[in-house]
Amino acid sequence: MKILHTADWHLGKNLETIPRIEEQKTVLEEICEIADREAVHAVLVAGDLFDTFNPSSEAEELLYKTLKRLSKNGRRAVIAIAGNHDSPERIEAPDPLARECGIIFAGYPNTRISPFCLESGLEVLRSDEGFIELKIPGCDQPLRLLLTPYANEYRLKKYLGTQDSEAALRQHLQNHWQRLADQYCDNQGINILVAHLFFARENEPLQPEPEEEKPILHVGGAQAIFSSNVPKAIDYVALGHLHRHQTVDEQPCPILYSGSPISYSFSEANQQKGVVILSALKGRKLQIEKVALSKGRPLLRQRFEHVKEAAAWLKENHDAIVELTLAMEEYLSINEKKRLLEINPDIFIIPELKGKLLEELNEGKNIDLSQSTETLFKKYFEFKKGLPPDEALLDLFKEVIAEEPEL
């Protein structure tokens, strides 16, 4: 049995003013090609399918078309759970129609999937709250999935009956998973926990959550779950939420974040994105392989002290989205900025003042209000924008301050 693990698609997400939907289409197309090339039997999408509770119609269409293609009209199982960016109600809404294509949605930690059987041979053999056992076409062993979509403390208390304390939350999830594992999981099948939670090793520093992410590790959110909370019968934990591909632990089984398919913030600059392919043979250790994705645009961070050097580097990286820091002793001119944007319009320029400019800025902490309004405006504009105002803007400013107030 071969299984593809992916997560954190964040369909509809932009990088500030730069739309990413076309890039997302290209990368999801690549994931579909990998699934076909690797002849996987099942696909696990571990949450954050969308970027908001109310995604655009274009983002919804992209999700459903991609999942349908991945399902191969019911010949391949596709299981998708809700993340902290998703509306659980919206995720589960298309379930009756999706099941006909072999697509299974779980929005809540207590979701119970109704058993069904398709002509392809794909069948839900057993179901419980947060659990399904699947018969996979072409495989002689069942796939058991413990499904835990994102759940903050309120949801867990409401749907699973947890108490308020952090320790009680972990203990309850451990008890919930252990009960399911004891009842349904043995060595005659493949047993996987699919979750959108913040996982960590106990007594070790926590990894940072993604920049600009809706954080899980905060008041009102689910606290970090430890690898020691995972039942020993589980063969693999397929996680979503952290955008960098990483292994949380190897005990009691491999616990992995697949990472997002594209970089969504500059904190992810230079990361190699990919998906995880699991190969499971009865009686043998699970084989894990990361398959790189190449269609996403790279996010790069670079610092220069001269515009000429920055321009030359941008020409070599014109396809990237760039955070460009310019450390200069003079403000970047309008023509210089225009020149850089003509090479690559998808750059974010961060001025870093040095030398005389930095001295003036430090001296300017005590503002001399005796200066003319025009001079103060120029200095404020340069301080906020990193470059002086052009003549057209200055003329407009002069017109505004020249206006006589109405009596």
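Residues numbered from 1 in each chain as written. Predicted model: local features only at pLDDT ≥ 70, side-chain atom pairs only at ≥ 80, totals over all residues. Heavy atoms only, no water.

1. What about the pairing of strand β19 (residues 321-328)?
Remember that side chains alternate between the two faces of the sheet whenever the strand is regular. With eight of its eight residues buried, β19 lies for the most part within the structure. Pairing of strand β18 (residues 299-304) with β19 involves six bridges; the strand directions are parallel. Its bridge partner being in β19, Leu300 is matched across the sheet by Val322. Viewed along the sheet, the connection from β18 through helix α7 (residues 307-316) into β19 turns out right-handed. Inspection of the sheet shows β19 paired to strand β20 (residues 347-353) by seven bridges, in the parallel sense. Bridge pairing in β20 places Ala327 opposite Glu352. (Buried < 20%, exposed > 50% of the residue type's maximum accessible area, 1.4 Å probe, protein only. Helix = DSSP H or I, 4+ residues; strand = E, 2+ residues; numbered from the N terminus. Pairing = 2+ DSSP bridges. Right-handed = clockwise from strand over helix to strand, strands pointing away.)

2. As for the environment of Met328
Structurally, Met328 is set in strand β19. On the basis of relative accessibility, which here comes to 13%, the residue Met328 falls in the buried class. Between the C-alpha atom of Met328 and that of Phe304, which follows or precedes it by 24 residues, the distance is 8.4 Å.

3. Considering the sheet that holds strand β4 (residues 42-46)
Strand order in the open sheet formed by six strands is β6-β5-β4-β1-β16-β17, and the pairing between neighbours is mixed. Since the sheet does not close on itself, it has two edges, and those belong to β6 (103-106) and β17 (287-292), each with one partner. Adjacent strand axes in the sheet meet at a mean angle of 20 degrees, parallel and antiparallel pairs treated alike. Pairing analysis gives six bridges linking strand β16 (residues 274-279) to β17, with the strands arranged antiparallel. Bridge assignment links Val276 to a residue of β17, and that residue is Lys290. (Axes fitted to C-alpha atoms, helices over the stretch in contact; angles between N-to-C directions.)

4. Points about the packing of aromatic side chains
Taken as a whole and assessed by the stated rule, the structure comprises five aromatic pairs. Plain terms: the ring middles of Phe304 and Trp313 are 5.8 Å apart, the flat faces sit at 55 degrees to each other, and that makes the pair tilted. By relative accessible area, Phe304 is classed as buried at 12%. Exposure remark for Trp313: the relative accessible area of 15% places this residue in the buried category. (Phe/Tyr/Trp six-rings, centres within 6.5 Å; stacked < 30°, edge-to-face > 60°.)

5. Side note on the packing of helix α1 (residues 21-37) against helix α2 (residues 57-71)
Angle between the axes and distance between the axes are the two parameters that describe a pair of packed helices. For the pair α1 and α2, interaxial distance at closest approach is 10 Å and the crossing angle is 10 degrees. Put simply, α1 runs roughly parallel to α2. Contacts from Ile21, Glu22, Gln24, Lys25, Leu28, Glu29, Ile31, Cys32, Glu33, Ala35 and Asp36 in α1 reach Glu58, Ala59, Leu62, Thr66, Arg69 and Leu70 in α2. Residue classes in the contact of α1 with α2 are distributed as eight nonpolar, two polar and seven charged. (Parallel < 35°, antiparallel > 145°, perpendicular 65-115°, else oblique. Contact = heavy atoms within 4.5 Å. Nonpolar A, V, L, I, M, F, W, Y, C, P; charged D, E, K, R; others polar.)

6. Focus on a negative patch on the surface
A contiguous patch of negative charge on the surface is contributed by Asp390, Glu391, Asp395 and Glu399. Within the fold, Glu391 resides in helix α11 (residues 391-402). On the accessibility criterion, Glu391 (56% relative accessible area) is exposed. (Patch = residues over 30% accessible without salt bridge, like charges linked within 9 Å, V, L, I, M, F, W, Y side chains within 5 Å. Areas by Shrake-Rupley, 256 points an atom, 1.4 Å probe, with all protein chains shown as cover. Salt bridge = Lys/Arg side-chain N within 4 Å of Asp/Glu carboxyl O. Lys, Arg positive; Asp, Glu negative; His and termini not counted. Charge placed at Lys NZ, Arg CZ, Asp CG, Glu CD.)

7. A short note on the pattern of salt bridges
Under the criterion given, the structure shown has 23 salt bridges. For the salt bridge of Arg69 with Glu29, the shortest nitrogen-to-oxygen distance reads 2.7 Å. With a gap of 40 residues between them, Arg69 in helix α2 and Glu29 in helix α1 connect regions that are remote in the sequence. Overall, Glu29 belongs to the partly exposed group, its relative accessible area being 37%. A salt bridge links Glu60 to Arg90; the nearest nitrogen and oxygen atoms lie 2.8 Å apart. With a gap of 30 residues between them, Glu60 in helix α2 and Arg90 in helix α3 (residues 88-92) connect regions that are remote in the sequence.

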